[in-house]
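Residues per chain, in single letters:
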Amino acid sequence: MADIVYVYEGKVYLNITNKCPCSCKFCIRANGDGLGSAENLWHKADPTLEEIKSAIDGFDFSKFDEVTFCGYGEPTYAFDNLIAACKYIRSKYDIRIRVNTNGLSDLINKRETAKELCENTDVISISLNAPTAEKYLEICRPVFGLRSFDEIIKFTKACQKYSKCVKMSVVDVIPKEDIDACRKITDALGLELRVREYTD
């Protein structure tokens with residue numbers, strides 16, 4: 001069975017699905033089966049809520065101030081389990097809950113999801129990764145096509161209505177001029193851009 005809870009570089013993560021609508025050229029999951037304390041992050045089938053709760057029960061979160069939903073898949077693909085797991089963690093621990101997402105949750109779930117997601121988390125970190133729809137399509141290869149980029153911006157704005165801590169990020173594999181263009185987008189949104197270092 002694949003790891004659900006794992007620690008990487010001193011932070012704790014929950015890996016609740018392997019499904020993702022993107023196939024990013026730089027995706028870390030192409031580099032191996034495991035990461036950090038996890039020997040295997042590939043689920044044969046996405047874990048059930050009971051399996052997620054069991055993994056949470058079996059881990060001591062008291063040493064951490066934050067838990068992040070981020071594994072070998074897009075967390076909002078398992079939206080109901082994601083929300084239920086957030087509520088379960090909240091019932092047991094006084095810990096900040098973060099979700100790292102590609103921002104395509106509304107397209108994945110065919111409905112607006114920002115409000116429910118923000119109400120059950122503390123930090124929403126959205127991967128921007130490109131300054132235009134065309135460049136996003138080229139580097140992230142979303143199944144939803146060109147409309148994906150505009151949907152990410154729309155989702156980000158929706159999250160800003162319901163959360164005080166919304167962030168955006170890019171990975172430093174894109175050219176500097178594209179990073180600068182992404183920063184102009186986040187500046188216009190009133191958000192800080194985090195430039196993440198690519199690790200292989």
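Quick caveat, the model's predicted, so the values are computed rather than measured.

Calculation notes
- Residues numbered from 1 in each chain as written.
- Predicted model: local features only at pLDDT ≥ 70, side-chain atom pairs only at ≥ 80, totals over all residues.
- Heavy atoms only, no water.
- Core = buried A, V, L, I, M, F, W, Y, C linked by side-chain atoms within 4.5 Å.
- Buried < 20%, exposed > 50% of the residue type's maximum accessible area, 1.4 Å probe, protein only.
- Helix = DSSP H or I, 4+ residues; strand = E, 2+ residues; numbered from the N terminus.
- Contact = heavy atoms within 4.5 Å.
- Phe/Tyr/Trp six-rings, centres within 6.5 Å; stacked < 30°, edge-to-face > 60°.
- Polar contact = N/O pair within 3.5 Å; in protein donor to acceptor, adjacent residues only side chain to side chain.

Engineer: Describe the nonpolar core, with residues and values.
Structural biologist: Membership of the largest hydrophobic core comes to 55 residues, with the highest contact counts inside it found for Leu14 and Phe69. Of all the elements, helix α2 (residues 79-92) adds the most residues to this core, at six residues. Every residue in contact with Phe69, bar those within four places of it in the chain, is listed here: Leu14, Ile16, Pro75, Leu82, Ala85, Cys86, Ile89, Ile97, Arg98, Val99 and Asn100. Tyr6, Tyr13, Leu35 and Tyr72 belong to the second largest nonpolar core, which has seven residues in total.

Engineer: Would you mind going over the packing of aromatic side chains in detail, with residue names and values included?
Structural biologist: In this structure the tally under the stated criterion is six aromatic pairs. When the centroid spacing of 4.8 Å and the interplanar angle of 70° are considered together, the rings of Phe59 and Phe61 count as edge-to-face. Taking relative accessible area as the criterion, Phe61 reaches 1% and is therefore assigned buried. Through successive ring pairs, a cluster of aromatic residues spans Phe59, Phe61, Phe64 and Tyr93.

Engineer: I'd like a description of the side chain of Asn15, backed by residues and values.
Structural biologist: Mapped onto the secondary structure, Asn15 falls in the loop between β2 (11-14) and α1 (49-57). A polar side-chain atom of Asn15 sits 2.8 Å from the main-chain amide nitrogen of Tyr72. What Asn15 contacts, discounting residues up to four positions off in sequence, is Asp3, Ile4, Tyr6, Leu41, His43, Pro47, Gly71 and Tyr72.

Such coordinate-based values are descriptive only and should not be taken to indicate function.
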